[in-house]
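Spelled out from the first residue to the last, the chains are:
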Amino acid sequence: MEVRDNTHSGHAVAHDVHDHGHDDHHHDHHQTFITKYIFSTDHKMISKQFLVTAILMAFLAMGMSMIFRLQLAWPDETFPFLESMIGKWGKDGKLDSGFYLALVTIHGTIMVFMVLTGGLSGTFSNLLIPLQVGARDMASGMLNMLSFWFFAASSLVMFGSLFIEAGPASGGWTVYPPLSALPQAIPGSGLGMTLWLVSMVLFIVSALLGGINYVATVINLRTKGMSMTRLPLTVWAFLITAILGILSFPVLVAAALLLVFDRSMGTSFYLSDIFIGNVPLDHTGGSPILYQHLFWFLGHPEVYIVLLPALGLASEVISTMARKPIFGYKAMIGSMLVIAFLSFIVLGHHMFVTGMNPFLGSVFVFTTLLVAIPSAVKVFNYIATLWKANIVLSPAMLFAIGLVSFFITGGLTGIILGDSALDINLHDTYFVVAHFHIVMGSSAIFGMFAGVYHWFPRMYGRMMNKSLGYLHFWITIICVYGVFFPMHFIGLAGVPRRYYANTAYEGFDQLININELISVFAIIAGVAQVIFAFNFFYSIYRGRKAPQNPWNSNTLEWTAPVEHVHGNWPGPIPEVHRWPYDYSKPNAKEDFIPQTVPYSQTPESNRPGDF
Amino acid sequence: MMITILLGTLVVIRLMSVSQMASVLSGEDEDVAQKRDNSMNSIGMVLFMVIGLALMVYMTIKYQPFMLPVAASVHGVETDFLLNINFAVIGIVFFITQIMLFWFVYKYQHDKNRRALFYPDNHKLELIWTVVPTIVLSALIVTGLREWNKMTQGHPDDGMVVQVYGYQFNWMARYSGPDNKLGRSYYKLISDTNPLGIDYSDPASKDDIMTKSNEMHLPKGVPIQFVFNSRDVIHSAYFPHFRTQMNCVPGMDTRFYMEATITTKEMKGITKNEKFDYVLLCNKICGVAHYNMKMTVVVDEPSEFSNWLKGEKKVIDAAPTAELEQNISTASTVSHEVAL
Ligand code: HEM
Ligand SMILES: [Cu+2]
Ligand SMILES: [Cu+2]
């Protein structure tokens, strides 16, 4: 049996190299608190660090959304606690209109980047790639550790930017210049924007370090027998996501760098012919639209960077809990590859109304609607997987099904937005807000919840309480639909996004009831997340001890001991003999056959194509 | 807020102990779904689907009166029709897929004595559900693009040229006058009395007319060639009732061509709302008062429109003489800069 040694180079510096030479032992070497919990190079620990950071950031961003939902639903009320919470921005209990935009901006940035990119990929790529491909750890534990610490630094800078005098960045999470380039245009574009840019660059460093590591690990460190076509779909999703990130994040760095130059060195990449604060500026010859092209070159792949890992987690959870092979394994991989490729050539659908050449617009309409095809294939495959299945409704499974439901709802409205002739009326309205919160925000968050509930036993060796899980699921899915579905109507009524109050037009007055409904759901949803947090932290210490393989799953991670060991498996790394989805195979003794079971042991259930 | 959270936590802790107690009593020792969980939750799924879909239909009907009234532009009527077709198509797909999803969860809930069907793939099925969406989408694309081409290209050049100009946080409109040409403008010429930075040395500027109040008028049934521009940051000129918008970008002209079909007066009748007015909203985040950046738009019969236009001032008349000279001399020094 082949034993691969892929322990971490970083660790070797701190410890005796010999410690790691032999993987055949459970090495219980002495780690200090610092090397074990803080500067850990163990992928399992780093995964938990990502998760806990992301949960904290998610609560922060969710708290912000509750504040601005109060403003939108009850614009005439005052909320005295605001003043004690956010000081001058909530003077006399009224939210400041500039701070409203700051909240929206930081909320979006944290959710998209810190929670759904860093949190989702960071947690699950780290946890599952080594465990599911059969590796002792990531290709480089050192880079992996750095990836987390850059992420933590990035989150801290973003959090810190909330406390500065002029307020944090406020130009929307897409930070289009000139607004984001000129402090004269909005106070948040001063120091707040600088911190935003610093935070993003740190974040991108983290994403790249992580991404390179994930790709290297999947390509090089698969255990014997783990061919690419025997990889669980989770790993495929993480691999494609990492490649997407490596290709697109550097472009965001470029965009940010040029913005930094324009902001502080007087260059004119994005600025031209501007008269502001009663003076004309010297910048000339730049194009604000250039920034948008660069931004969306990352921005659109980014939505798949968020979504693919969630879909990967859902594939695994759905197949396991439906006790049925995922339908169309190869088609699932194929559609992810096609989506990944197409995601680089649809960026123009965010820019139909920037004055782009109408012919170019047509090309983007075409490519955008092409993406809908592999997306549809994935949905049909999930539904086909459930057909004639034998479904166990664990909390994770409920969340995975919720994900599919959101992916359908949000994907379908994408077809409308992708049609340029229709988008010129809906662009930047609440219809778009509804679309991407459902398809990206809610799907990905549900994927993340599914992942946490499903793999919690693998992370902490304990189970999460299932009744609280059910309660959490039901409140959350009802509230998420309650929040985002009615937004379609507000958008169709013509309300622009990023409005502090809908007072500009009397026709909007009648929508206040819808806004109240939304805010009530939003607040209940927020409070319901406390159930999750409680369940999570409580179960870490007091949950029931997890059995070896609580969901009767086929994949490798469930063969590793419940108590974490350094190097994942105390003995040799298990060998893989089959694909991960042999659930309910006819004539098999049980309704699952783990990947480690050779065909020679299962003559009763082997089929002609199996060898 | 704090209190809600606190209360919530307390409730949760209670529930927690109750649920653990219950599971201990029932002799169930793992947090893995049991028969009872499966049936309860799958019933929940079906209820959720039925009630959810019913509520969606209910909301769609109930909120109809709040939606934008009938489109008031030529292309808007056509895009609304397209939008409805799109909604019909995605609505059908939405219902079918959601019903299947939740129904299967109910129908195929776990049973110890049953095995799932081992059904890893079926190439024919997969081919069908790749090809059918492709065909449907192609049909939607073709109709959408035909409309898009029609509204962005191939219209006569004789539309009335109107400039819409955004700045923090208001709008201005300039009409091109009898020559139907806007005079050149340059941002360094901007002053209190020349907010658009018009170059008065350009003959085309002589007959340009600027709105004096926060209101612009448009003639019904006359094609209009909008030219959009901004002075500071990106704004977006959004006319919800005409179903269109276009970004206003500093240093760059953007254009849109349209024709209004319903006067404000007629629309008051259609909406049965005496206070009805068309509006131009800013739809690109542009600063703290973004939400307040709007202009009233009035659609008149052509004759009313010309009367109104006669009452508005020529831009050149608004400029004090001293400034006029200053402007012309700056304009000549910067003119080669402009040419660049
Ligand atoms: C089914 C295929 C999809 C289509 C055809 C589609 C189409 C579009 C279009 C055309 C827009 C621009 C709308 C506008 O700004 O006017 C848009 C916005 C957006 N979409 Fe999608 N989309 C699809 C799937 C997704 C997915 C899967 C995600 C996320 C994982 C996503 C996330 C977003 C986001 C974040 C925005 C908003 C960007 C902004 O701030 O302007 N979309 N989508
Ligand atoms: Cu996109
Ligand atoms: Cu504006």
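Before reading on, note that the structure itself is shown above.
Position numbers for residues count from 1 along each chain, tracking the sequence in the order it is written. Ligands are numbered from 1 and chains lettered from A, in the order in which they are written. The predicted origin of the model limits local features to residues at a pLDDT of at least 70 and limits the giving and counting of side-chain atom pairs to 80 or more, whereas totals for whole chains, interfaces and linings rest on all residues. Only hydrogens and water are set aside when side-chain values are computed; all heavy atoms of the structure are taken into account.

**Description of the coordination of the copper ion (ligand 2)**
Residue and element names in this part refer to chain A. Metal sites are built from N, O and S donor atoms within 2.8 Å, or 3.2 Å for Na, K and Ca, and they leave out water, so they may look incomplete. Around the copper ion (ligand 2), the protein supplies H300 (ND1), H349 (NE2) and H350 (NE2) as donor atoms, at distances of 1.7 to 2.0 Å. Donor residues for the copper ion (ligand 2), ordered by position in the chain, follow H-x48-H-H. Between the two metal centres, the copper ion (ligand 2) and the iron atom of ligand 1, the spacing is 4.8 Å. Residues H349 and H350 agree in their burial class; the two are buried. Residue burial is assigned from relative accessible area. The probe radius is 1.4 Å, only protein chains are included, and a residue is buried under 20% of its type maximum, exposed over 50%, and partly exposed in between.

**Topic: the pairing of strand β10 (residues 294-300) of chain B**
Residue and element names in this part refer to chain B. Of all seven residues making up β10, five are buried, and the element is well covered by its neighbours. When DSSP locates at least two bridges between a pair of strands, those strands are taken to pair. Numbered from the N terminus, helices here are DSSP runs of H or I no shorter than four residues, and strands are runs of E no shorter than two. Note that strand β4 (residues 215-219) and β10 share five bridges and pair parallel. What sits directly across from P219, in β10, is D300. Pairing geometry for strand β9 (residues 278-282) and β10, over four bridges, is antiparallel. Looking across to β10, one finds that L281 is bridged to K294.

**Digging into unusual backbone geometry**
The amide bond that connects A:P177 to the next residue, A:P178, takes the cis arrangement and shows omega of 0°. Locating A:P178 in the fold gives a position in the loop between α6 (141-160) and α7 (191-220). Here the amide bond leading from B:Q168 into B:F169 is cis, since omega sits at -5°, within 30 degrees of zero. Counting through the fold element by element, B:F169 comes out in the loop between β1 (160-167) and β2 (170-175).

**Some details on the interface of chain A and chain B**
Accessible area lost during the coming together of the parts is what is often quoted as the interface size. Working rule for contacts: check all heavy atoms of both residues, and any pair within 4.5 Å makes them a contact. Listed per partner, the contact involves 143 residues of chain A and 120 residues of chain B. Joining two parts hides part of their accessible area as seen by a 1.4 Å probe, and the buried area is that hidden amount summed over both. Note on chain A versus chain B: buried area summed over both sides is about 11,500 Å², and carbon and sulfur give 69% of it. Salt bridge, as applied in this entry: a Lys or Arg side-chain nitrogen positioned within 4 Å of an Asp or Glu carboxyl oxygen. Across the contact surface, chain A and chain B share three salt bridges. Two residues, B:D37 and A:K466, come together in a salt bridge whose shortest N-O distance is 2.8 Å. Contacts described as polar in this section are N or O atom pairs within 3.5 Å, which, within protein, must combine one atom able to donate a hydrogen with one able to accept it, while residues neighboring in sequence count only if both atoms come from side chains. Seen at the junction of chain A and chain B, the total is 35 residue pairs in polar contact (both at pLDDT 80 or more). Here the side of chain A that touches chain B takes 16 residues from helix α11 (residues 358-386) of chain A, the largest share from any one element. Each residue gets one label: Ala, Val, Leu, Ile, Met, Phe, Trp, Tyr, Cys and Pro are nonpolar, Asp, Glu, Lys and Arg are charged, and the others, such as Gly, are polar. Counted by class, the side of chain A that touches chain B contains 92 nonpolar, 32 polar and 19 charged residues.

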